[in-house]
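# An overview of the molecular structure
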Amino acid sequence: MNDDPTVTSDLPRFREACEWFVQLREQPESTNLIAEWLSWCNSDPRNRQAFEEVRNTWLIVGLVPAHTGVDARADGSQIVPAARHTPPACRPGRIHRPYKLAAAAAAGLAIAAGIFWLLVPAPLSTSGSADVSTFATVPGEHRSFMLADGSRVEMAGDSRLRVSLRAQTRDIELQEGEAYFNVAHDRARPFTVHAGALHVRAVGTRFDVRTSADRVVVAVEEGVVVVEPRPEPTGPMSSMLSTIRSLGGDARPINRLRPLHVRGGQEIAVGGPEQDLQLLPIEPTQVSSWREGRLRFAREPLQSVISSIRGVSGQEIELADPDLGELRFTGTVFSSGVEAWVHALPAIFPVTVHRDGARFIIEHRVEPRG
Amino acid sequence: MPAVTLLPVGDLPQSDQCAEKTRNSALSLLFVAHNEELLSFLMTRLSEAEAREVAQESYARLLRLDQLETLSFLRAYLFKTASNLSIDRLRHRATLRITQPQLGFLHELASEPTPEELTAREQEARLAASCLEELPEACRRAFLLYRVYEYSLAEVSHEMGVSERMIRYYVVQALSHCRMRLKASRCEQDAQK
């Protein structure tokens, strides 16, 4: 970039461009506004430039929620000292807070994550006589079936779910593992999947839910699902509560927030070792790629990767140390190539792998001292 | 010194032999003069790839107009059409091949990002995260709701019990701060090279 070091000099123009940006987002259909904006753009080429800059900043900042949790803490140290070298003139006057360790960045995101854990809980509907059935699969099994309401369920291996169909509600309890739902449309009868610390409510849509330990991942192929926290006196939610309180967050507005809508082409992951929340884009066609034996992960804790692999392929993999489960894996695992994947792990992570009968065991790599 | 001159706003010759030719050249002028603005306008809500598609479709519709109109009308029509198309897109997003643009330029890629791209993005995201962390609490919350959760100004204002004016101020404040930090870090990186 051909940066003028005195970036503050064009700040007023940038702020003006921000105002236009917000205004255009708010009223995209106002012809007058567009005409005014165009003449502003054309009155000075620097105006256009400033507007482009707003757009770029907007795009980069939008990456934030996809990257929460421990990583900001682990590597952020490279970024924050860089900021300290910033000439003071580059800082806008209003922001005087000292730069904290990037750990605090993670904490800030925990607030964003926490917002959605503090919603008014929706009680589990229990009225009316229920048609309750339980389904379970063994590792490596893939079962597909239709529910009485016409919805289709595809279960990955090593999964357990309980279906309760009532006159007013359809409740699925995903107790373990992963399942893909193609929900029969019925506005009068909400279809809710309860998994880990979450409720996932859908009307007519296709989505995938997987859960292991206290982590839940919801990926939406088409339509919209509403994700809200499940009321739980203990567990992830209460620890999330304490996170927010310890940060001195004001609970009042948080409580009034509405449930999070996850749309087609989005995946949300909550819980896990750092109690984080990730909202990631996902190709809708990839939502249930596990059915074809392809498991896609984006910054997934290793523990949860291993559970998914066991479900789909039946391969047992054990972590010698639970700490290893917090390593984040990004990539694709083919259920036909699990062995190759396991053997490639030492190339990405500081681990060694050995075989114990049918199982693989992953251990910390002990570096030789020299 | 404006880089792009504004088009004349007078009437075009009507029912002339070469009216169509005149109109088409007027349209291509319009295209040249306003394509960048149109894309910028669309990218306030759509990803770059989507914005380009919508811009093209808008021009296609403009060419299909039967009536000859004034250029000022055509310009307004162009942006109006583009705006309507973008709103349709947002509504039917679930069925689109391209996923959510509000999550940033991860969506710009038609294919899966390479590990290097992911790493670069993660670095920028971390930087963005630390920028937001430096913001005062209320400012950060307002901005996250507006940017990430796509609330409108009115909705953020309602959630936080603060006036829309204030929310707008917070958004501008957050963007200005992030831009300053991003710029500073690029200076830093360039200096290291």
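Source: prediction; values computed, not measured.

### Some words on the overall build of chain B
Secondary structure summary: chain B contains seven helices and zero strands in total. From first element to last, N terminus to C terminus, chain B shows the α and β order α-α-α-α-α-α-α. Counting the 193 residues in chain B, one finds 44% classified as buried. A fraction of 60% describes how many contacts in chain B between residues 6 or more apart in sequence connect residues 24 or more apart.

### Quick notes on the overall build of chain A
Within chain A one finds 10 helices and 18 strands. Taken over 370 residues, chain A has a buried fraction of 43%. Of all intrachain contacts in chain A linking residues separated by at least 6 positions in sequence, the fraction that spans at least 24 positions is 58%.

### A closer look at the packing of helix α1 (residues 11–26) of chain A against helix α2 (residues 31–43) of chain A
Residues and elements named next belong to chain A. Close contact between α1 and α2 brings their axes to 11 Å; oriented N to C, the two are set at 155 degrees. With respect to α2, the element α1 is oriented roughly antiparallel. In this structure, the crossing between α1 and α2 has a hand that is left-handed. Contacts from Trp20, Gln23 and Leu24 of α1 reach α2 at Leu33, Trp37 and Trp40. The residue makeup of the contact of α1 with α2, split by class, is five nonpolar, one polar and no charged.

### Focus on the confidence of the model for chain A
Residue and element names in this part refer to chain A. Summary statistics for chain A give a mean pLDDT of 70 and a share of 68% for residues scoring 70 or more. With pLDDT under 50 throughout, residues 1–8 is counted as low confidence; its partners more than four residues away or in other chains account for 12 contacts. Below a pLDDT of 50 lies the segment residues 232–258, which in the model reaches 36 contacts outside its immediate sequence neighbourhood of four places, other chains included.

### A word on the confidence of the model for chain B
Residue and element names in this part refer to chain B. The predicted model of chain B has a mean per-residue pLDDT of 72, with 69% of residues at 70 or higher. Here residues 1–15 is modelled with pLDDT under 50, and outside its nearest four sequence neighbours on either side it reaches 26 contacts, counting other chains as well. Note that pLDDT drops below 50 for residues 94–111; the model gives that stretch 47 contacts with residues more than four away or on any other chain. As a predicted assembly, this complex carries a pTM of 0.41 together with an ipTM value of 0.71.

### A few points about the environment of Val220(A)
Residues and elements named next belong to chain A. Of note, valine 220 is situated in strand β9 (residues 215–222). We classify valine 220 as buried; it has 27 C-beta atoms within 10 Å. Along the backbone, valine 220 and aspartate 208 are 12 residues apart, and their C-alpha atoms lie at a distance of 6.4 Å. Other than its neighbours up to four places away in sequence, valine 220 contacts Thr205, Phe207, Val225, Val262, Arg263, Gly264, Gln266 and Val287.

### Some words on the nonpolar core
Here is a general trend for soluble globular proteins: nonpolar side chains tend to be buried in one another's company. By size, the foremost hydrophobic cluster in this structure holds 58 residues, and its most contacted members are Ala142(B), Phe143(B) and Val171(B). Residue contacts for Val171(B): discarding those within four places in its chain leaves Cys18(A), Val22(A), Ala142(B), Phe143(B) and Tyr146(B). Membership of the second largest hydrophobic core comes to 54 residues, among which are Ile172(A), Ile282(A), Leu327(A) and Phe360(A).

### Details of the sheet that holds strand β18 (residues 359–364) of chain A
Where strands meet in a sheet, backbone hydrogen bonds hold them as pairs that are either parallel or antiparallel. Residues and elements named next belong to chain A. As summarised here, the arrangement of the three strands in space is β15-β18-β17, forming an open sheet in which the pairing is mixed. Single-partner strands in this sheet number two, and they are β15 (317–319) and β17 (351–356). Mean inter-strand twist for the sheet, computed between neighbouring axes without regard to direction, equals 25 degrees. Note that β17 and β18 share six bridges and pair antiparallel. In the sheet register, valine 351 faces β18, and the bridge partner there is histidine 364. Here helix α10 (residues 338–348) sits on the sheet in contact with β15, β17 and β18, set at roughly 155 degrees to β17.

### Quick notes on α1(A)
Since the α-helix turns once every 3.6 residues, residues separated by three or four places project in the same direction. Helix length check: α1(A) (16 residues) gives 22 Å between terminal C-alpha atoms against 22 Å at 1.5 Å per residue, within 8%. Those residues of α1(A) that sit buried are Phe14(A), Ala17(A), Cys18(A), Trp20(A), Phe21(A), Val22(A) and Leu24(A).

### A few points about unusual backbone geometry
Glycine aside, the phi torsion of most residues is negative, and most peptide linkages are trans. Unusually for a residue other than glycine, Asp158(A) sits at a positive phi of about 60 degrees. Relative to the elements of secondary structure, Asp158(A) occurs in the loop between β3 (152–155) and β4 (160–165).

### Digging into the environment of Thr134(A)
Residue and element names in this part refer to chain A. You can see threonine 134 is positioned in strand β1 (residues 131–136). Classification of threonine 134 as exposed rests on a count of 11 C-beta atoms within 10 Å. With 27 residues separating them along the chain, threonine 134 and leucine 161 place their C-alpha atoms 5.8 Å apart.

### With respect to the pairing of β18(A)
Relative to β18(A), β15(A) runs parallel, the two being bridged by three bridges. Within β18(A), the position partnered with Leu319(A) by the bridge is Ile362(A).

Procedures and definitions
Residues numbered from 1 in each chain as written. Chains lettered and ligands numbered in written order. Predicted model: local features only at pLDDT ≥ 70, side-chain atom pairs only at ≥ 80, totals over all residues. Helix = DSSP H or I, 4+ residues; strand = E, 2+ residues; numbered from the N terminus. Buried ≥ 20, exposed ≤ 12 C-beta atoms within 10 Å, placed from the backbone. Contact = placed C-beta atoms within 7 Å. Axes fitted to C-alpha atoms, helices over the stretch in contact; angles between N-to-C directions. Parallel < 35°, antiparallel > 145°, perpendicular 65-115°, else oblique. Left-handed = near helix turned anticlockwise from the far one by under 90°. Nonpolar A, V, L, I, M, F, W, Y, C, P; charged D, E, K, R; others polar. pLDDT = per-residue confidence, 0-100. Core = buried A, V, L, I, M, F, W, Y, C linked by C-beta atoms within 7 Å. Pairing = 2+ DSSP bridges. Expected span 1.5 Å × (residues − 1).

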